[in-house]
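Each chain, written out:
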Amino acid sequence: MIPARTAVIRPLAGIVATGAALLVPGAGVSQQAAAPQMPAITRPLTPPADKTARAVVTFAGYRYGDLLWENDRTAHRVYGQPLEAHEPPSGSGVDAWGKSVNWPFADRQLKTGDQHGYHGEGVDFYNVGTGRGAGGLGIWSDNKLWVSRNYRSYKILASGGDVADFEVSYAPWPVDVTRKVWETRRFTLKLGSQFTRLVSTLSSDRKEPLVVGIGIGKRTTLADKDGQVTVDRTRGIITWWSPDTRDEGAMGIALRVDPAMIVGMRQDADNHLVLLQVRPDAPFVYYSGSVWSKGNSGIRDRAAWDRYVAAADLDFAPPPASARR
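Predicted model only: the values in this text are computed from it and were never measured. (Residues numbered from 1 in each chain as written. Predicted model: local features only at pLDDT ≥ 70, side-chain atom pairs only at ≥ 80, totals over all residues. Heavy atoms only, no water.)

S.K.: When you look at the pattern of salt bridges in this model, what are you seeing that I'm missing?
M.R.: Enumeration over the complete set of coordinates arrives at 18 salt bridges. Between Asp66 and Arg77 there is a salt bridge whose closest N-O contact spans 2.6 Å. Here the residue Asp66 occupies a position in strand S4 (residues 66-70), and Arg77 occupies one in strand S5 (residues 75-78), the gap between them amounting to 11 residues. Owing to a relative accessible area of 0%, Asp66 belongs among the buried residues under this scheme. Using a relative accessible area of 3% as the deciding quantity, one classes Arg77 as buried. (Salt bridge = Lys/Arg side-chain N within 4 Å of Asp/Glu carboxyl O. Helix = DSSP H or I, 4+ residues; strand = E, 2+ residues; numbered from the N terminus. Buried < 20%, exposed > 50% of the residue type's maximum accessible area, 1.4 Å probe, protein only.)

Given below as structure tokens:
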């Protein structure tokens with residue numbers, strides 16, 4: 001097992017408090033933007049046989065075990081074990097894609113061999129790297145984030161209808177030299193939502209509580225700069241809006257957690273983090289959201305994204321034991 005890069009944590013520099021929220025200075029509230037100018041289309045995708053809006057999960061065995069999931073608003077992927085050898089160090093962060101159509105596109109996009117180009121339906125310009133991306137997690141210990149490698153097994157629970165639902169498992173990884181941790185995580189994305197619901201169950205060889213760091217990557221788009229961050233600890237919200245680029249536009253990422261579980265807010269070299277205290281083998285719920293400024297959600301700027309995230313009515317109750325698969 002290879003532990004995470006260990007970066008010394010810095011305070012939330014450059015962020016000032018405004019009421020319950022922390023806002024990056026100089027980030028003004030903008031008006032709703034007009035329809036975006038889309039990138040030039042290169043090699044249009046083969047049209048889908050069915051243009052019905054559906055929520056789908058796809059195992060991309062042809063691309064080192066990527067797992068793709070999407071609905072009519074947003075698209076994502078996590079990485080399989082074979083990618084560790086092909087693109088080291090490859091990690092367990094969560095990828096986010098922009099999409100501009102209601103129907104599924106990510107599988108056809110990935111099969112072009114050029115997922116980073118715009119082929120008329122969406123684009124992958126978000127770079128997870130070794131960070132947490134759009135809601136990956138790790139264990140916070142000794143001022144460091146210790147993370148797993150890529151997922152080891154998966155189970156698709158529902159695909160092709162109103163909900164995409166699947167589960168992945170991560171092999172044990174070290175937390176310093178004091179303990180080992182392993183995880184099963186369930187992802188559920190419904191039609192019409194920018195948010196994926198995640199139910200994480202962390203197990204360990206020790207019974208003491210864990211501090212989990214859930215993160216948003218800092219420099220994850222082609223601009224290679226950190227974005228604008230809003231942190232509202234009282235409501236359990238972190239939102240991030242990337243720098244805008246002429247062709248790709250911007251990505252917005254958000255985390256929603258149960259505020260009663262929060263024990264801190266931090267950042268390391270790669271991520272903005274919210275820290276939660278959890279008990280081994282006790283599932284907990286959090287949400288990861290994403291949006292593309294040129295996508296079909298109508299959310300074009302940071303202010304609109306922050307409003308959407310804050311207004312979302314989300315349930316943090318873990319599923320009852322009888323409903324866990």
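S.K.: Explain the pairing of strand S17 (residues 251-257) to me, please; I cannot follow it from the model alone.
M.R.: Successive residues of a regular strand alternate their side chains across the two faces of the sheet. Within S17, seven of the seven residues are buried, leaving the element largely enclosed by the surrounding structure. Burial of S17 is two-sided: the residues Met251, Ile253, Leu255 and Val257 facing one way and the residues Gly252, Ala254 and Arg256 facing the other way are all buried. Direction of pairing for strand S16 (residues 237-241) relative to S17: antiparallel, over a ladder of five bridges. Paired with Ile238 across the two strands is Leu255, which belongs to S17. Where S17 and strand S20 (residues 284-292) come together, seven bridges link them in antiparallel fashion. Counterpart to Leu255 in the pairing with S20 is Ser288. (Pairing = 2+ DSSP bridges.)

S.K.: Would you take a moment to explain the pairing of strand S19 (residues 271-278) for this structure?
M.R.: Burial runs high along S19: seven of the eight residues are buried. Note that strand S14 (residues 210-217) and S19 share eight bridges and pair antiparallel. Looking at the pairing, Leu210 lines up with Val278 of S19. Bridging between strand S18 (residues 262-267) and S19 involves five bridges; their strand directions are antiparallel. Directly across from Arg266, in S19, lies its bridge partner Leu273. In this structure, the hairpin formed by S18 and S19 is closed by a connection of three residues.

S.K.: Help me out: how do you make sense of the sheet that holds strand S8 (residues 134-141) in this one?
M.R.: Sheet strands pair via backbone hydrogen bonds, and the direction of the pair is either parallel or antiparallel. Read from one edge to the other, the open sheet built from five strands follows the order S9-S8-S14-S19-S18, with strand pairing classed as antiparallel. The two strands at the open ends of the sheet, each matched to only one other strand, are strand S9 (144-146) and S18. Within the sheet, the average angular offset between the axes of one strand and its neighbour, ignoring direction, is 35 degrees. By the bridge criterion, four bridges tie S8 to S14 in an arrangement that is antiparallel. Across the sheet, residue Ile139 finds its bridge partner in S14, namely Val212. (Axes fitted to C-alpha atoms, helices over the stretch in contact; angles between N-to-C directions.)

S.K.: Just to check I follow, could you spell out the nonpolar core for this structure?
M.R.: The tendency in soluble globular proteins is for nonpolar side chains to be buried as a group. One finds Leu202, Ile214, Val274, Leu276 and Phe284 to be the most contacted residues of the largest nonpolar core, which totals 51 residues. Those residues in contact with Leu276 that sit more than four places away from it in its chain are Leu210, Val211, Val212, Ile214, Val257, Met261, Ile262, Val263 and Phe284. Judged by nonpolar contacts, the second largest core, of 16 residues, contains Val199, Ala254, Tyr287 and Ile299. (Core = buried A, V, L, I, M, F, W, Y, C linked by side-chain atoms within 4.5 Å. Contact = heavy atoms within 4.5 Å.)

S.K.: I would appreciate a short explanation of the environment of Ser90 in the present structure.
M.R.: Considering the arrangement of structural elements, one finds Ser90 in the loop between helix H1 (83-86) and strand S6 (95-99). The spatial distance from the C-alpha of Ser90 to the C-alpha of Val128 is 8.9 Å, given a sequence separation of 38 residues. The residues touching Ser90, leaving out its near neighbours within four places in the chain, are Tyr79, Leu83, Glu84, Arg149 and Asn150. Here the side chain of Ser90 touches Asn150 through a polar contact of 2.8 Å, side chain to side chain. (Polar contact = N/O pair within 3.5 Å; in protein donor to acceptor, adjacent residues only side chain to side chain.)

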